[in-house]
Amino acid sequence: MLGSTHGTLTTHSRPARVVACGEQPPHTVHGVPEAHEGDAGQRSGGAAVDRDVSGRPLHAPVPDLDRFFRPEAVAVIGASDSEGRPNTGITRQLIAWAERVGARLHPVNPGRERVFGRPCHASVADLPEPVDLAVLLVGDPVPVIEQLGDAKVKFAVAFASGFAETGADGAAAQARLTEAVERSGLRLLGPNTNLNAFEEFREDLDGPAIALITQSGHQGRPVFTLQELGIRLSHWAPTGNEADLETADFLSYFASRPEVGAIAAYVEGLKDGRSFLLAADRAARNKVPVVAVKVGRTETGARMAASHTGKLTGADGVVDAAMRQFGVIRVDGLDELQDTAALLARAKRPTAEGVAVYSISGGTGAHFSDLATAAGLRLPTLDDAKQSELHQWIPDYLNVANPIDNGGHPVGDWRGRKIIDAILADPSIGVLICPITGPFPPMSDKLAQDLVDAAEQTDKLVCVVWGSPVGTEDAYRHTLLGSARVATFRTFANCITAVRAYLDHHRFTADYRSPFDDAPRVLSPSARKAQALMRPGQQLSEHAAKQLLRAYGIRVPREQLVTSAAAAVRAASQVGYPVVMKASGPQLAHKTELGLVKVGLTSASQVRDAYRELTDIARYEGVPLDGVLVCQMIERGVEMVVGVTHDSLFGPTVTVGLGGVLVEVLRDVAVGVPPFGEDQARAMLGELRGHALLDGVRGAPPADVDALVEVVLRVQRMALELGDDLAELDINPLVVLPRGQGAVALDALAVCHGPHGAHAS
């Protein structure tokens, strides 16, 4: 296998990790590596912290937020009952909330003796008992945080704005707040948050619930109002600026709650990429679906999000890849968020992935099936026996292969239920979707009732699209929405989005194995070799960049760096004709455009002439060289690009895509966020629009995909081990040869970070 002299690549079904030559797998206890004396950075507050080779954590504790959502005692700092003051309305709402959750509430305000008839205390120190939660209705929460720390308060909420969302001065104020929170030992929600956590949740609903996380309170309203449609909501966490508690904390907590069937999130920015991945990983391990709207697809959206909560949105392509890797279902609209989360919270695991489309109109069935198939849903053709069974009740001239057209009349009598039961009994069908584009009471009312009755008798998912814009019909308001077993939608698009997410989620979690379990924790010998090649703040020459690749067992052509025409001729004879000659220097990025590459040289005279021409061009262009490379000429294969870039949220990321001179035009690349295994590396290749090139087209043989996957994994290891020292890596082209022949890096560019994070431009 490619690079086998330097390392091995696991080939079993578990996600793979590259183990560099000489590395010993860490000893583990219950899946966590044992701490060793002298392990730097492995302990925090006396507890071992499991970290990968980049220094990032591999595990995150689940915060105990029980006493935040269900406190026994609450203090309201700045409580008021003076009419017309904002604090008065908030105090009134908090009193009502405390009564609902069974908490004792203590107003705190030095200017009042009583608030709404309750004794009011002059300061935190005067509270009559320890409190779990303090709500801060003050402009500057920092002094109060210090008092709360002295009183051993567990949680606090700060509503005040004017922090990181306002610019540099606000960011400095938020930093002071964060420092105060860290000193105090309590956990803080906010600042710049609201009262959503203290809303009144319906207690009369049962079944799995949706837990909601938002960074903008108003954006959570559509999901919250699902309760009016009979869908249970258990929690709402409005995270605000996340000076302390962040989206990841609530995601981990909700994913561990037995009553939570799905998590819905509206996210503008992330505080820390690795924390988010660890939380998403916990949800995937626990098979809890996470559906998220993530703002920042455009520059305008990213700018607005930053001004709203002061957090980084991150490069959208990287965020998208990270969510996909860890099974987070990303949607665009709030309507998609509510519909998808509602379906995932309540639907049972599918028994099959086949979708049946059943309608009273052939046009409706054709339209819906077209959209569903385009979205990737599989509509299996029903076998002859099933079609014959359906034709007992449906006229022979109608198509029942799937989609199933009943012509309308059978739904109005006893045949309607027989048809539905027969479809649901087919073992290839896991989802039945019935689009009803408009109400026609003689048929639609009976059809809706039959679908509800059938859904009560099956574990399979039954979905209905009620297309009427009115929404006041009894069949919709009472029959369909009154059923906890039927998933009802208002649009074709939202139904298809939700069903696809449902099938994708269960397929993903069925085979999920956390990549953090196999992440490298010990630096390899490759890292030590590579570190010696790094030049802080500089771009490496092609020759030096290829040495970096060699250190990680990535194959490069036979080549020699020469500094004279005579040496070039000797090198060519040793490398073997035909050869390629290229200028090599630390400032060269696009050699072809400058005429600094000569291909297919077959004689000593051509080599001498090429050497003189390359050095003359470099001299004329003012480009300093460290020499000229005389390289083995590689037979043509599939040209790919593999690289490393740094993301502001997630750190080093790995890209793979179609390479060559058109890489910047095609822009056909996939992103992987470490750590990931072999399965994810292969999935990245499947995301490419041009992935069919690797299978062989127009008579070309299939490419060595195994070798390409190994290069991606070795580059990932390099990215993790070199961390912030490696600002950028670009292997282009990486020529993937026919199956069994490997992959060769023909060119490489590497840029090193400077001492303070700067790098060569």
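Residues numbered from 1 in each chain as written. Predicted model: local features only at pLDDT ≥ 70, side-chain atom pairs only at ≥ 80, totals over all residues. Heavy atoms only, no water.

Among the surface-exposed residues, Val661, Leu662, Val665 and Leu666 lie close enough to one another that they form a single nonpolar patch of about 410 Å² accessible area. Checked against the element boundaries, Leu662 lands in the loop between strand S30 (651-658) and helix H21 (663-666). (Patch = residues over 30% accessible without salt bridge, like charges linked within 9 Å, V, L, I, M, F, W, Y side chains within 5 Å. Areas by Shrake-Rupley, 256 points an atom, 1.4 Å probe, with all protein chains shown as cover. Salt bridge = Lys/Arg side-chain N within 4 Å of Asp/Glu carboxyl O. Helix = DSSP H or I, 4+ residues; strand = E, 2+ residues; numbered from the N terminus.)

Looking now at the sheet that holds strand S8 (residues 104-108). In space, the 5 strands of this open sheet follow the order S8-S7-S11-S12-S13, with parallel pairing throughout. The two strands at the open ends of the sheet, each matched to only one other strand, are S8 and strand S13 (187-189). Across the sheet, the mean angle from the axis of one strand to that of its neighbour is 20°, orientation sign disregarded. Alignment of strand S11 (residues 133-136) against strand S12 (residues 155-158), held across 4 bridges, turns out to be parallel. Paired with Ala134 across the bridge in S12 is Ala156. (Pairing = 2+ DSSP bridges. Axes fitted to C-alpha atoms, helices over the stretch in contact; angles between N-to-C directions.)

Okay, the sheet that holds strand S20 (residues 404-405) next. Ordered in space as S20-S19-S21-S22-S23, the 5 strands form an open sheet in which the pairing is parallel. Looking at strand neighbours, the two that pair on one side only are S20 and strand S23 (486-489), the edges of this open sheet. Relative to S20, strand S19 (residues 354-359) runs parallel, the two being bridged by 2 bridges. The residue of S20 that forms the bridge with Tyr358 is Ile404.

So, on to helix H22 (residues 678-686). All buried positions along H22 are accounted for by Glu678, Gln680, Ala681, Met684 and Leu685. What you see down the axis of H22 is that its buried residues fit within an arc of 165°, all on one side. Next to the buried residues of H22 lie helix H9 (316-325), S30, strand S31 (669-672) and helix H23 (705-722). (Buried < 20%, exposed > 50% of the residue type's maximum accessible area, 1.4 Å probe, protein only. Arc of directions from axis to C-beta. Contact = heavy atoms within 4.5 Å.)

Moving on, we get to the pairing of strand S34 (residues 748-752). With 5 of 5 residues buried, S34 is to be regarded as a mostly interior element. Across the two faces of S34 the burial is the same, with Ala748, Ala750 and Cys752 and Leu749 and Val751 all buried. Bridge count for strand S24 (residues 539-540) against S34 is 2 bridges, and the pairing is antiparallel. Following the sheet pairing, Gln539 is matched in S34 by Val751. Pairing of strand S32 (residues 726-736) with S34 involves 5 bridges; the strand directions are antiparallel. In the strand pairing of S34, Leu729 is matched with Ala750.

As a further point, take the pairing of S12. Across the two faces of S12 the burial is the same, with Phe155 and Val157 and Ala156 and Ala158 all buried. In terms of strand pairing, S12 meets S13 through 3 bridges, oriented parallel. What sits directly across from Phe155, in S13, is Arg187. Note on the crossover from S12 through helix H4 (residues 168-184) to S13: the handedness is right-handed. (Right-handed = clockwise from strand over helix to strand, strands pointing away.)

Glancing now at the environment of Ala197. Relative to the assigned elements, Ala197 resides in the loop between S13 and strand S14 (209-214). Given a relative accessible area of 6%, Ala197 falls into the buried group. Taking the C-alpha atoms as reference points, Ala197 and Pro238, 41 residues apart in sequence, are found 6.5 Å from one another.

Across the junction of Asn402 and Pro403, the peptide omega takes the value 15°, indicating a cis bond. Structurally, Pro403 is set in the loop between helix H12 (384-390) and S20. The omega angle of the peptide bond from Asn732 to Pro733 is 0°, so this bond is cis rather than trans. Turning to its location among the elements, Pro733 is positioned in strand S32. Positive phi is not limited to glycine here, since Lys152 has a value of about 60°. Relative to the helices and strands, Lys152 is located in the loop between helix H3 (142-150) and S12. Despite not being glycine, Asn402 has its phi angle at roughly 115°, a positive value.

With that settled, consider the nonpolar core. Within the largest apolar cluster, 66 residues are counted, with the highest numbers of intra-cluster contacts made by Phe68, Leu133, Phe198, Phe250, Phe254, Ile263 and Phe650. In terms of residue count, the dominant contributor to this core is helix H7 (residues 273-285) (7 residues). With residues near it in sequence (within four places) discarded, Phe254 still touches Phe69, Ala211, Leu212, Ile213, His235, Ala237, Val260 and Ile263. In terms of nonpolar packing, the next biggest core, distinct from the first, is built from 48 residues, Ala527, Leu726, Leu729 and Ala750 among them. (Core = buried A, V, L, I, M, F, W, Y, C linked by side-chain atoms within 4.5 Å.)

Okay, the packing of helix H19 (residues 565-575) against helix H20 (residues 604-621) next. The N-to-C vectors of H19 and H20 enclose an angle of 135°; their axes lie 9 Å apart at closest approach. Between H19 and H20, the crossing angle belongs to the class labelled oblique. In this structure, H19 crosses over H20, and the sense of that crossing is right-handed. Judged by residue contacts, Ala565, Ala568, Val569 and Ala572 of H19 engage Ala604, Val607, Arg608 and Tyr611 from H20. Across the contact of H19 with H20, the residue classes tally to 7 nonpolar, no polar and 1 charged. (Parallel < 35°, antiparallel > 145°, perpendicular 65-115°, else oblique. Left-handed = near helix turned anticlockwise from the far one by under 90°. Nonpolar A, V, L, I, M, F, W, Y, C, P; charged D, E, K, R; others polar.)

Moving on, we get to the environment of Pro380. Here Pro380 lies in the loop between helix H11 (362-374) and H12. A residue is classified by how much of its surface remains accessible, and Pro380, at 11% relative accessible area, is buried. Taking the C-alpha atoms as reference points, Pro380 and Ala151, separated by 229 residues in sequence, lie 64 Å from one another. Pro380 has contacts with Gly354, Val355, Ala401, Asn402, Ser428 and Ile429, leaving out every residue within four places of it along the chain.

Below, the discussion takes up the state of the cysteines. Under the defined criterion, the tally for this structure stands at 0 disulfides. Cys463 provides the cysteine sulfur closest to Cys495, a residue in no disulfide bond, and the two sulfurs are 4.8 Å apart. (Disulfide = S-S within 2.5 Å.)

Turning our attention to the side chain of Glu542. Mapped onto the elements, Glu542 comes out in helix H18 (residues 542-551). In terms of polar contacts, Glu542 uses its side chain to reach the side chain of Lys546, at 2.7 Å. If we ignore the near neighbours within four places in the chain, the residues touching Glu542 are Lys582, Ser584, Gly585, Lys591, Leu629, Leu746, Asp747 and Ala748. (Polar contact = N/O pair within 3.5 Å; in protein donor to acceptor, adjacent residues only side chain to side chain.)

Inspection of every chain in the model, using the stated rule, returns 15 aromatic pairs. Residues Trp97 and Phe198 carry aromatic rings whose centres are separated by 4.6 Å and whose planes lie at 65° to one another, so their mutual orientation is edge-to-face. Within this pair, whereas Trp97 is found in helix H2 (residues 86-101), its partner Phe198 is found in the loop between S13 and S14, the two being separated by 101 residues in sequence. Taking relative accessible area as the criterion, Trp97 reaches 4% and is therefore assigned buried. One aromatic cluster is present, built from ring pairs that chain together Phe68, Phe69, Phe155, Phe250, Tyr253 and Phe254. One cation-aromatic arrangement involves Arg221 over Phe224; the distance from NZ or CZ to the ring centre is 5.4 Å. (Phe/Tyr/Trp six-rings, centres within 6.5 Å; stacked < 30°, edge-to-face > 60°. Lys NZ or Arg CZ within 6 Å of the ring centre and 35° of its normal.)

Without other data, these values stay purely geometric and don't point to any function.
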